[in-house]
Amino acid sequence: MSLFKNFFPKKRTGWRTVATVSIASLLGLGAFIAYEAHVVSYLSDDPQACVNCHVMTPVYNSWMHSSHREWASCNDCHVPHDNIFNQYYFKAKDGLYHATIFTLRAEPEVIFMREESEEVVQNNCIRCHVQQVTQANYTDWIESHKSDRLDRTCWSCHRTVPHGKLHGLSTVKYNIAPLPTNQTQVVIPDWLKKEINESKSSSK
Amino acid sequence: NRKNESKYKYVPQADISENEPRNAVWGEYYPLEYQSYLQTSDTGFVSYQGGSAMRDMLEEDPNLVILWAGYGFSKDYNQGRGHYYAVEDIHNTLRTGGPTGPNDGPMPATCWTCKSPDVPRLMNEIGVAEFYSGKWAGKGDQIVNPIGCADCHDANSMKLKISRPALIEAFDAMGKDITKVTHQEMRSLVCAQCHVEYYFNKNLPGKEGTPYLVFPWKEGMRAEDMEKYYDNIEFSDWTHQLSRAPMLKAQHPGYETYLTGVHADRGVSCVDCHMPYKSVGGTKFTDHHIQSPLNNIQNACQVCHREEAEKLKENVYERQRKVAESRIDLEKMLVKAHIEAKKCWDLGASEQQMDSILMDIRHAQWRWDYAAAAHGATFHSPVEISRVLSSGLVRAQEARVKIARLLAELGYNQPVEMPDISTKEKAQEYIGLDMEKLRKEKELFKENLLPEWLEQAKQRQEKWDEEKVSASAK
Amino acid sequence: NRKNESKYKYVPQADISENEPRNAVWGEYYPLEYQSYLQTSDTGFVSYQGGSAMRDMLEEDPNLVILWAGYGFSKDYNQGRGHYYAVEDIHNTLRTGGPTGPNDGPMPATCWTCKSPDVPRLMNEIGVAEFYSGKWAGKGDQIVNPIGCADCHDANSMKLKISRPALIEAFDAMGKDITKVTHQEMRSLVCAQCHVEYYFNKNLPGKEGTPYLVFPWKEGMRAEDMEKYYDNIEFSDWTHQLSRAPMLKAQHPGYETYLTGVHADRGVSCVDCHMPYKSVGGTKFTDHHIQSPLNNIQNACQVCHREEAEKLKENVYERQRKVAESRIDLEKMLVKAHIEAKKCWDLGASEQQMDSILMDIRHAQWRWDYAAAAHGATFHSPVEISRVLSSGLVRAQEARVKIARLLAELGYNQPVEMPDISTKEKAQEYIGLDMEKLRKEKELFKENLLPEWLEQAKQRQEKWDEEKVSASAK
Ligand SMILES: [Ca+2]
Ligand SMILES: [Ca+2]
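Each chain carries its own residue numbering, running from 1 in the direction its sequence is written. The lettering of chains begins at A and the numbering of ligands begins at 1, in the order of writing. Only residues with pLDDT of at least 70 are given local features in this predicted model, and only at 80 or more are side-chain atom pairs given and counted; all residues enter the totals for whole chains, interfaces and linings. Computation of side-chain values: all heavy atoms of the structure, hydrogens and water removed.

An unreviewed UniProt entry lists chain A under the name Cytochrome c nitrite reductase small subunit, from Mangrovivirga halotolerans. According to the UniProt record, the Sequence similarities (unreviewed entry) comment for chain A reads "Belongs to the NapC/NirT/NrfH family." UniProt positions are given in the numbering used here, feature names are shortened, and annotations may be inferred rather than shown by experiment. What UniProt states about chain A under its Subcellular location (unreviewed entry) heading is, verbatim, "Cell membrane".

The structure is reproduced here in structure tokens:
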């Protein structure tokens, strides 16, 4: 008990106020970061979740135009798929990291994957293509695959999968179509909707 | 907050009014897209059966003159060129004739629908049915800008939009809601506003007499579905000059046939191949040079297929060649059937005797046209197109067997002599077209009426600019 | 070192003599492959038009009885089952009749060629031409082991090998050297020993009278190329019982048609789909359960296509269904043509009048059979198969138009009445087959001659084992 007493500063020093305020602001900041960066949506598998953040739009758009669009979403490549726990742990950790950098406006012009992420992606390439790169009866295709998967990354050869050759925040000029930040659906302009409704009722 | 920031950072605050038809105005804000769009004016690429050059289809294949005898297409038919030429080409085609005033000429105003972003503007100003009313020449002064930005984009958000009522109405007719489609589907649906089979319905309740543009999809999009649709409403585009069959004309069912192919099945959109991403310097953008992907294999195909360009091209040509074989066989059979049917009439056949023969011819040629008119379809969906052609062959042979029996009955039991139709000129002469006259009329139109249209349009557009300047000065 | 180690791991020091025909002997050393091979005995899988079950094709489609009238196939024709049944099925088919002794029955010894690894053994023992000589029943005691290891493998190295002379000779005839092929090509060529079109040439210089097995590839492998080949040598398999046309029978041109498809174009071999890798308890091996890949989509297709199994199956069925439509149309036309031609003869037509009609029928049915006989071809190469069917439709219609004129000339100007061929039985009755008798003869063969064959084979094989034991005892 006494040990405990000594651990805290003297009552009158006002530490409580400081602590309360700082804890509250830390929580608040966290909440702010989370809100600002849509951290919750980040837990979903929808690629649009990643583009909540404009920093991710160049990679989103290049993925959108890639051979992998119909088969692999962001998380299929960038999040571990070995077990559920690891998957969400990685997501949460990564998400908070991205969100922090984002809120601090510290994003670099050209983003690089961290080594940790590279490993994740490499494993995911192999996860889907395991037969093509390990199976003996496909060595006619490309003999080096079996060893390549151990000593270099897949995208050192397949440089356009899936983000193309250009990297960097300014490489996509107008990220218009897919941006969830711009959700007003147009599809049919108002004047035409009206016209068609009128024409429908006139024909009755 | 930062989210709003991103909105503004990436969507330039362009000041473009809704339905602005002039592509250059949009181009000020989106120069990369605009400049690539301008390249659709290039006519330098020719492939086995496509490309951007002007190709006279009647000259390449004079059989067509016979198949379309009595209909505008036998006068003049070219392969589509780039969007840049849409207005110029409809001015020039002999199918629109040589009108001398707003109420003259063979074609209705509806013909403009797929040629220009002036169309949504005008529809908005005067109403859809009003737009479709009257002669083609009646709206010539209004429609001058070739296919462009406002046909596919919303001016504020730059999002893809549907600007043509016919597509929306066709979805309605199928019981589908076009506002519920995915982004990826929109990347084909903007094309499906125009690259589809259509007809002009003059009997729509409440709009009787107006040649209203309709896509005949109510029963489905396969050749047999549309055939059933037309049979049910007893519609025909024209009566064949030789066989007197009640004919259907299929116009470019590009979207309908694309849907039956493996690429559509795998979620690949028109835009993925015809408007792939392109890198210029350090920037990526959607290539608005819409053209044959064979002129752009690297961006259009190799994103997905890591094959050599030559091989991919050969894949396309091989499919086109194989299907063309059956298509041409069917064509030749149809030419014979029309001319043999004419012989029957000449020998005094009765309507009743001809009835089922003419229906066979109608159905066979419809299938042929469905397969032939969508220039891309032999690649987009070669198996389906082959199936449709085979079913056409079956109907054409039924007709010819019946004709052989009927001719024998009429006392003529030998092969019918075929005219010399080895060139476009000979074929057009055979069906009695006075090409000289048609060309002359067109010349006069281009000397007299056309310059007036363009002058009126110029003045209108200059006025917009003045209004805008004075509005912003306020 | 490890390299040697792996060598020994994969090539066990097996003691198998060259051309050992008994699969179980090989199986002792290669149990995984052998056990999976044994699964070709499973008859439980049925797909839209394939699978491993016994499917009576004449019952499913009685038109075939008419098309093959006068030829063995009109008696009995089933879809191929697993390799395990190759010998059993050739014993059972009514096409081989009910021989009572070595020089009896309708079929030549050549029929054995693609049914068993006893074939290379026997060819080695007595010579190739000698093997092809004589009646089918003459070698019944020699050939008892169903298709197996020695057909495709070298006993020492386990490398893939070509064991059948016809394939080597066909490469020769095309000016190609089969020893210069890649490993990946070998993975299809082992199948091309059997899954190919063939005929029996009785006029080979130096081998006159022997029905020598030949693949007609000298002019090429397309339907028209082989047709030209046969026309040039004026070969026909039989004369049609109704139309008297000089007919060709196409047998399973599986390899030839596969080569024209996109998978072959991309270097995918038969084995990639029909014998994909399989893992059992951490060991990978080639699945020797050769079957419809639709019973094994995960290993056979999803290696390359990461689509859902249901979707991939639907892709296959869709192509099969579309092509089947044209195939059946052509079949019906051919049935009519045969029966109408018969009517011409009945009314006294002359050979000269019939000549060109019969050639049209020959060519049309050849194309139909080329497309129909390779059961996999509608998936392996749907565009090519459609092309071939269309060209068949064109020729069939030519025939029918000419027939209509000829019939009119002979005084009969109306549709020819068609017999009731709605079931296999009715169709066989129409062409006058005494099925009762054929079945009876087969029964007797199975009671009398067949058991003798099997007994002789058993003794022979037991002797080999004794010899081997005494040899190793030395
Ligand atoms: Ca039409
Ligand atoms: Ca044959």
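Draft legend 1. Fine view of the coordination of the calcium ion (ligand 2). A 2.8 Å cut-off from the metal defines N, O and S donors, relaxed to 3.2 Å for Na, K and Ca; water is not in the atom list, so some sites may appear incomplete. Here the calcium ion (ligand 2) is held by E197 of chain C (OE), E197 of chain C (OE), Y198 of chain C (O), K249 of chain C (O) and Q251 of chain C (OE1), and the distances to it run 2.3 to 2.7 Å. Along the chain, the residues that donate to the calcium ion (ligand 2) are spaced as E-Y-x50-K-x1-Q.

Draft legend 2. Spatial organisation of the packing of aromatic side chains. Between rings of Phe, Tyr and Trp, where Trp is taken as its six-membered ring, a pair exists when centres lie within 6.5 Å; planes separated by under 30 degrees are stacked, by over 60 edge-to-face, and by other angles tilted. Counted under the stated rule, the structure contains 55 aromatic pairs over all chains. Consider the rings of Y230 of chain B and W366 of chain B, whose centres lie 5.6 Å apart with planes at 80 degrees: the pair is edge-to-face. Of this pair, Y230 of chain B sits in helix α12 (residues 223-232) while W366 of chain B is found in helix α18 (residues 351-373), placing the two residues 136 residues apart along the sequence. Here Y230 of chain B matches W366 of chain B in class, with each residue buried. Judged by centre distance (5.6 Å) and plane angle (75 degrees), the ring pair of W136 of chain C and W453 of chain C falls under edge-to-face. Highlighted residues: W136 of chain C in the loop between α8 (128-132) and α9 (149-152) and W453 of chain C in helix α23 (residues 449-473), separated in sequence by 317 residues. The burial state of W136 of chain C is the same as that of W453 of chain C; both residues are buried. Among the aromatic residues, those joined into a ring-pair cluster are W68, Y71, F73, Y77, W238 and W368 of chain B. Ring-over charges, as used throughout, are those where CZ of Arg or NZ of Lys falls within 6 Å of the ring centre and within 35 degrees of the ring normal. For R95 of chain B, the ring lying beneath its charged end belongs to F73 of chain B, and the centroid distance is 4.1 Å. The residue whose ring lies beneath K343 of chain C is Y412 of chain C, and the NZ or CZ to ring-centre distance is 4.4 Å. Counting from the N terminus, the helices are the DSSP runs of H or I reaching at least four residues and the strands are the DSSP runs of E reaching at least two. Relative accessibility decides the category of a residue: with a 1.4 Å probe and only protein chains considered, values under 20% of the type maximum give buried, values over 50% give exposed, and everything between is partly exposed.

Draft legend 3. Examining the environment of H380 of chain C more closely. Residue and element names in this part refer to chain C. By secondary structure assignment, the location of H380 is in helix α19 (residues 377-380). Spatially, the C-alpha atom of H380 lies 5.2 Å from that of Y258, the residues being 122 residues apart in sequence. In this structure, H380 is in contact with Y258, G261, V262 and H274, ignoring residues within four places of it in sequence. Pairs of residues are marked as contacts when any of their non-hydrogen atoms sit within 4.5 Å.

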